[in-house]
Amino acid sequence: MTAGALSFCNISVTTTHGQKPQRLVDDVSLVLNRGEVLALVGESGSGKSLTCAAGLGTLPPGTLMSSGSMRLGSEVLPPEQLRGRLVASIMQNPRSAFNPVRTMQAHAFETLRAMNVPKSQWPECLAAAMQSAGLDASESTLKLHPFEMSGGMLQRMMIALALLGNAPFLIADEPTTDLDLVLQRDILNLLDRMRTDYGLGLLLITHDLAVVARLADRVAIMDKGKIVETGSTHDIFCQPFHPVTRRLLRAHLTLYGLECAF
Ligand SMILES: Nc1ncnc2c1ncn2[C@@H]1O[C@H](COP(=O)(O)OP(=O)(O)OP(=O)(O)O)[C@@H](O)[C@H]1O
């Protein structure tokens, strides 16, 4: 497994339509180390998802990475080369990530085939990944279609599929947003274990500061397409510098009826 850090270097994303391209992500740089959780936090529409999509080469139609590069250690790599093998990803709303007419086994085998894992190893790899994700790897689970599974099971399955490739980095875009509180706790614990057990580097996209406090080592605050502040989770919570960071923290603290010192 590769050891170097994953770097987003000066990433900019613009629109491709309209007379004047609009800059949606503006010169964003981030470094994600193995074994750490970096939270990318910002209000809705600040550019978190597009930054990650640019890094993975999965930008939606109508947008374009106008500048920037991705690096693993000191090596510049095209996003397509990072995706899956080196950087796995899990998304908000797992139901939309699965093909509704295919079983869990079919999804997993497709991933293993794409990863060039020898066919003889598929059952063993799949059972290990599902077990790590807290799923029962029995035939009855593998036969299920997405509509026959709960949101929590689907999120675990998405994590199991991400684990199949043994990627050293994981981008998790709002991984707990649609889940109830107990499942949120279980998924966060699972992601935390993946970081400690596999030395996974986790880029966690969220606007939930409770999730940040639970899991992140460092935080990058994003606003209007730019990174406006980065720091350790402790410093961001105790000594927020930028007005946007302060606003986010104030909103979080008042939501829970807590006093705010700034
Ligand atoms: N395909 C697209 N074409 C044009 N603009 C887009 C497209 N996708 C996203 N945008 C715009 O880019 C900006 C950043 O979007 P992005 O999805 O990255 O925000 P976000 O911070 O992830 O928001 P959220 O927390 O709500 O998911 C938003 O203003 C959004 O409207």
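Residues numbered from 1 in each chain as written. Predicted model: local features only at pLDDT ≥ 70, side-chain atom pairs only at ≥ 80, totals over all residues. Heavy atoms only, no water.

Notes on the overall build of the protein chain
So, point 1. When helices and strands are counted, the protein chain shows ten helices and ten strands.
So, point 2. Against the compact-globule benchmark of 18 Å for 262 residues, the protein chain has a radius of gyration of 19 Å, which places it among compact chains.
So, point 3. Buried residues in the protein chain amount to 48% of all 262 residues.
So, point 4. Accessible surface, the protein chain as shown: approximately 12600 Å² in total, 53% of it carbon and sulfur. (Helix = DSSP H or I, 4+ residues; strand = E, 2+ residues; numbered from the N terminus. Rg over C-alpha atoms; globule rule 2.2 N^0.38 Å. Buried < 20%, exposed > 50% of the residue type's maximum accessible area, 1.4 Å probe, protein only. Areas by Shrake-Rupley, 256 points an atom, 1.4 Å probe, with all protein chains shown as cover.)

Section: the site of the ligand
So, point 1. In the region of the ligand, 15 residues are neighbours, and S44, G45, K48, S49 and L50 sit closest.
So, point 2. Side-chain polar atom of K48 to an oxygen atom of the ligand: 2.8 Å apart, as the coordinates give it.
So, point 3. A distance of 3.1 Å separates a nitrogen atom of the ligand from a polar backbone atom of P61.
So, point 4. Within the complex, the protein chains bury 67% of what would otherwise be the 650 Å² of accessible surface of the ligand.
So, point 5. Ranked by residues supplied to the shell around the ligand, first place goes to helix α1 (residues 48-56) with three residues. (Near = heavy atom within 4 Å. Polar contact = N/O pair within 3.5 Å; in protein donor to acceptor, adjacent residues only side chain to side chain.)

A few points about the UniProt feature "domain: ABC transporter" (unreviewed entry) in the protein chain
So, point 1. The positions UniProt marks with the feature "domain: ABC transporter" (unreviewed entry) are residues 6-249.
So, point 2. Regarding residues 6-249, the helix share stands at 37% and the strand share at 27%, and the terminal C-alpha atoms are separated by 28 Å. (UniProt positions renumbered as here; feature names shortened; annotations may be inferred.)

Some details on the pairing of strand β7 (residues 169-173)
So, point 1. With five of five residues buried, β7 is to be regarded as a mostly interior element.
So, point 2. Bridging between strand β6 (residues 87-90) and β7 involves four bridges; their strand directions are parallel. In the strand pairing of β7, A88 is matched with L170.
So, point 3. Pairing geometry for β7 and strand β8 (residues 201-206), over five bridges, is parallel. Note on β8: the bridge partner recorded for D173 is I205.
So, point 4. Chirality of the crossover, the property in question, places the unit of β7, helix α7 (residues 181-198) and β8 among those that are right-handed. (Pairing = 2+ DSSP bridges. Right-handed = clockwise from strand over helix to strand, strands pointing away.)

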